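# Fold and geometry: a report
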Amino acid sequence: MIEATSTSRRKFLQQIGYISVGFPLLTSCIGEPDPVIATRVDYEGSLPGSMRGAKTVNAWLQVLEDGSIRVLSGKVELGQGIRTAIRQVAAEELDMELDMVEVQLAETGLTPDEGYTAGSGSVPNSAMSVRYAAATARQKLLELAGEKLKTSFDDLILFNGSIKAKKSGDSLTFAEVLNGAQIDMEVTTPVKIKSKTEHRYVGKAVPRTDIEKMVRGEQVYVQDLRFPGMVHARVLRPPGYKSQLVKVDEAGLATTVSGVIKTVVNGSFVGVITEKEYQAVKAERYLREHTEWEDNTSFPEQKELYNHIRSIAEPSSNVKNEGDVTAAFQGNSTVKATFRKPYLKHASMGPACGVAMYDGDVLHIWSHSQGIYPMRNAISAMLGMEVDKIHIVGVPGAGCYGHSTADDAAADAALLAMELPGKHVRVQWSRTDEHTWDPYGSAMIMEVEASLDADGKITGWKSDVWTDSHSCRPNGDAGTLLDARYITNPVQMKSRGYLAGGHRNADPYYAIPNMQVNAHFFDGPLRVSSLRSLGAYTTIFAIECLMDELAEKAGKDPLDFRIAHLTDERAVAVIQKLREMTAQVTLADGEGLGYAFSRYKNTAAYAAVAARVAVDKATGKVAVKKMWAAVDVGEVINVDGLTNQLEGGMIQAASWTLMEEVRFKDKEITSADWNTYPIFRYPDIPEVEVALIDRPDLPAEGGGEVSMPPSGAAIANAVYRASGTRVYELPIGVRKV
Amino acid sequence: MPEFTLDINGAQKTVETEPDTPLLYVLRNDLAINGPKFGCGLSQCGACMVLLDGRATTSCMLSVSSIGNTEITTLEGLVDDNAKLHVVQEAFVKEQAAQCGYCLNGMVMAAVDLLNKNPRPDDAAIREALQFNLCRCGTHARVVKAVKRAAKTH
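As the structure is a prediction and not an experimental result, all values here were calculated from the model. (Residues numbered from 1 in each chain as written. Chains lettered and ligands numbered in written order. Predicted model: local features only at pLDDT ≥ 70, side-chain atom pairs only at ≥ 80, totals over all residues. Heavy atoms only, no water.)

This part is about unusual backbone geometry. Residue and element names in this part refer to chain A. Cis geometry marks the peptide bond from T189 to P190, where omega comes out at 0°. Mapped onto the fold, P190 is located in the loop between α4 (174-178) and β8 (191-194). With omega at 0°, the peptide bond leading from L730 into P731 counts as cis. Structurally, P731 is set in the segment after α17 (708-723). Located in the positive-phi region is D95, a residue other than glycine, with phi close to 45°. What makes D95 buried here is its relative accessible area of 2%. Phi at N160 takes a positive value of approximately 50°, unusual for a residue other than glycine. (Helix = DSSP H or I, 4+ residues; strand = E, 2+ residues; numbered from the N terminus. Buried < 20%, exposed > 50% of the residue type's maximum accessible area, 1.4 Å probe, protein only.)

Structure representation (structure tokens):
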């Protein structure tokens, strides 16, 4: 029997509104037509990287007793809507209704190890792994059902959790087909996947179901976890990165703040566990005033930051060298400029939180980390505990936009839980700690120089990038966790992390015969790691601003000039689309329209962005009125999820571009709250408009970071058109125009 | 520890806590209410907003002892007895006006307050009313659309 469609499902499907064509809602009544089953085509391309460590179907997908499906993904929900995208892909291949597919996100021991949820990689890795696993499962289920129902493949219809023999009318649920087993065969190509022209869910605007949970105030976030007898804790961070603990006044704390269960002092790590959360807040406040630390080192002067960076950089390393740039520059006129970007914060709305409980054997941790398996290795190294004695459950936190403080909060909770076995210990970071201990996006300098020939063609290009690391994420090195650097027998991070993220997109995507890129790595004064789009926001800012200068020098329209240097028709198509979107724009006095383009990582998704800005002539104040993005990510999985990411990327990048900068003075990071590190508020927000070019037959690239790199340059180019002033140093702010 | 009786979402709730405890901690920890979120504890971001006698107010610096008989409404209290969402909540779902959703509570609270005072706000009025609410994901444009949608059905 094929399960009848419930009213709620039918209603839901009606609400989506997109998927009615050729999709009769099925009931078990005799006389109902059989559903039209889409054709399958062989996929013979490569399998996603995530499948290397998880090759079998059951690593990704399990059939539950009621015939529904549980998909297992090693990725975490960061607000990007990955749960929905994965559900769409699985339901699509298995011809099921969406609500018959549940998605289990990252948990050690349960889901595949997919490393970090980062780099716009969740769709190309996790969702695509699920696609091939589900498609393989479908073939296997049909094969097994054919044996059980004693009929041929052609006679079978697989639909919504059941397989029916057309001739006899007999049917089996997936669970009956498998009889308690799971499909443990390896996924190998060719895989029979659904023809993309017949998709019901993929490529559509399927709404996220978690947004209703959010508006109802249901439990969504790690911050919402409550366990019986749970206790609260805060950690007293040192006054500076290098401070060493001298003395902490535990006796005074006990008489001043009630509810203190335990103060944990381990080297220079100080944590306090209390019965109630606000007691922990008060305890931390007390300890901040009553703890002695060894002196901390000073930061360089803020206004000398970029000179400081140059002074501490390692000798340059050549990243790319094609043709002969020196020769190209000789005899041609060149344009040269230097661009600067300050340290930027992740600035998550929710300070980090972690919960841990040591049951005497296994340490359980609940965390909003972007990579629970790599974090487990780091915590294992820090505690000297076997990896298989650490169990980590990924739970959503507030959006993080790269490697922020989640792992450090989990480490805090782990250290404290080990001191109080049997109790769930919840550690909540303060806003000040979140702002001042965040591993920032590196400050950067980019020098660019390009030569133009007499026909207005670029003949040579040279990029020089000064950058710190762009990923110091947790791994088997305990020093990747903050706490490990302060406990007894401290360990510092052994490597410098992912340096190459700094010159991401430093080589223009344009067809230029002679090109050279050099990287000047430095180990800077502030803690750094990966921030959304890594170095690409700065490298594209520099490249696309210079492209406008070059276009002007060549006497060309800025979009025509870019197209004249592109050989990739997908790149040209997003620029043409953007031109169309902005063709009717009329500018008021003091306004300007600017453009920029990038292909993320030079290998992934394409984005062309335009910005309309208004510059107040009297004050120099810049307002971004509207932004447009024309984007090609290849195959689109969820139209609305992708659009939401692209809109948000433009707005966040506009905030970076106009107002953000981490400030420090003497020994202190002074950007410690929302007043001292302002970000966009509602009156600052531009209108946003996104157009997608869907290419179902091309690989699906992620969209989380794609709109950010060109957004900064589009704004700066618009400011130039509005005011005649070129901005070379971010943030554009008030004073620079 | 002293006891405080609070009027929350139409019911009287008694909690035992230190008098300086901010309302946010009482709601989240003593009463297991998830709606209001801890964002800064400095009354700068709006994530912890609740309605106090109908006015959107941050709860992270407001001591429980100062509440008295004030009527407190949280996100949960906007849902009616039949589990039907408030028009503002409904509009946020329809417009898919969230990414991580952590700031959503405060946005909904500020929007409800606005629509009670000004049932037909224009863009500028919406932006002004929500200016105390920060969002890092950049969902602002969708939130403005959601508030407009709610205004139409209010």
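All names here are of chain A. If you walk across this open sheet you meet the four strands as β23-β24-β25-β28, and the pairing is mixed. Each having just a single partner strand, β23 (591-599) and β28 (687-692) make up the two edges of the open sheet. Averaged over neighbouring strand pairs, the angle between their axes works out to 15° when direction is ignored. Sheet analysis places strand β24 (residues 606-615) next to strand β25 (residues 622-632), joined by 10 bridges and oriented antiparallel. (Pairing = 2+ DSSP bridges. Axes fitted to C-alpha atoms, helices over the stretch in contact; angles between N-to-C directions.)

Before going further, it helps to spend a moment on the pattern of salt bridges. Scanning the model with the defined rule gives 62 salt bridges over all chains in all. Residues R28 of chain B and D224 of chain A are paired through a salt bridge, measuring 2.7 Å at the closest nitrogen-oxygen approach. Here the residue R28 of chain B occupies a position in helix α1 (residues 23-30), and D224 of chain A occupies one in the loop between α5 (210-216) and β9 (231-236), the pair thus bridging two chains. Here the two residues R28 of chain B and D224 of chain A agree in accessibility, since each one is buried. In this structure, the salt-bridge partner of K577 of chain A is E580 of chain A, at a minimum N-O distance of 3.2 Å. (Salt bridge = Lys/Arg side-chain N within 4 Å of Asp/Glu carboxyl O.)

Now for α17 of chain A. Residue and element names in this part refer to chain A. Over its 16 residues, α17 runs 23 Å from end to end, which matches the ideal 22 Å to within 8%, given 1.5 Å per residue. The element α17 is largely enclosed, with a buried count of 14 among its 16 residues. Downstream of α17 by a residue or two, G724 has a phi angle that is positive, lying close to 80°. (Expected span 1.5 Å × (residues − 1).)

Across the contact, 55 residues belong to chain B and 63 residues belong to chain A. Buried area between chain B and chain A, summed over both chains or domains, comes out near 5000 Å², and the portion from carbon and sulfur atoms is 52%. At the boundary of chain B and chain A, one finds seven salt bridges. Between D20 of chain B and K282 of chain A there is a salt bridge; the shortest N-O distance is 3.0 Å. Going through the elements one at a time, α1, α2 (75-78), α3 (87-94), α4 (104-117) and α6 (140-153) of chain B are the ones with two or more residues in the side of chain B that touches chain A. (Contact = heavy atoms within 4.5 Å. Buried area = accessible area lost by both parts, 1.4 Å probe.)

Here we come to the domain arrangement of chain B. Many analyses report the size of an interface as the accessible area lost when the parts associate. Residues and elements named next belong to chain B. Here the domain parsing of chain B yields domain 1 (3-78) and domain 2 (87-153). One C-alpha centre belongs to domain 1, the other to domain 2, and the line joining them spans 21 Å. Carbon and sulfur atoms make up 58% of the area that domain 1 and domain 2 hide from each other, which totals about 1300 Å². Interface area lost by domain 1 to domain 2 is led by M49, L75 and L78, which between them contribute 38%. At the junction of domain 1 with domain 2, the criterion picks out one salt bridge. R55 serves as the salt-bridge partner of D113, at 3.5 Å between the closest nitrogen and oxygen. Scanning the region where domain 1 abuts domain 2 turns up seven residue pairs in polar contact (both at pLDDT 80 or more). Residue assignment for the side of domain 1 that touches domain 2 shows that the elements contributing at least two residues are β3 (50-52), β4 (55-57) and α2. The residue makeup of the side of domain 1 that touches domain 2, split by class, is 11 nonpolar, seven polar and two charged. (Domains from an automatic or database assignment. Polar contact = N/O pair within 3.5 Å; in protein donor to acceptor, adjacent residues only side chain to side chain. Nonpolar A, V, L, I, M, F, W, Y, C, P; charged D, E, K, R; others polar.)

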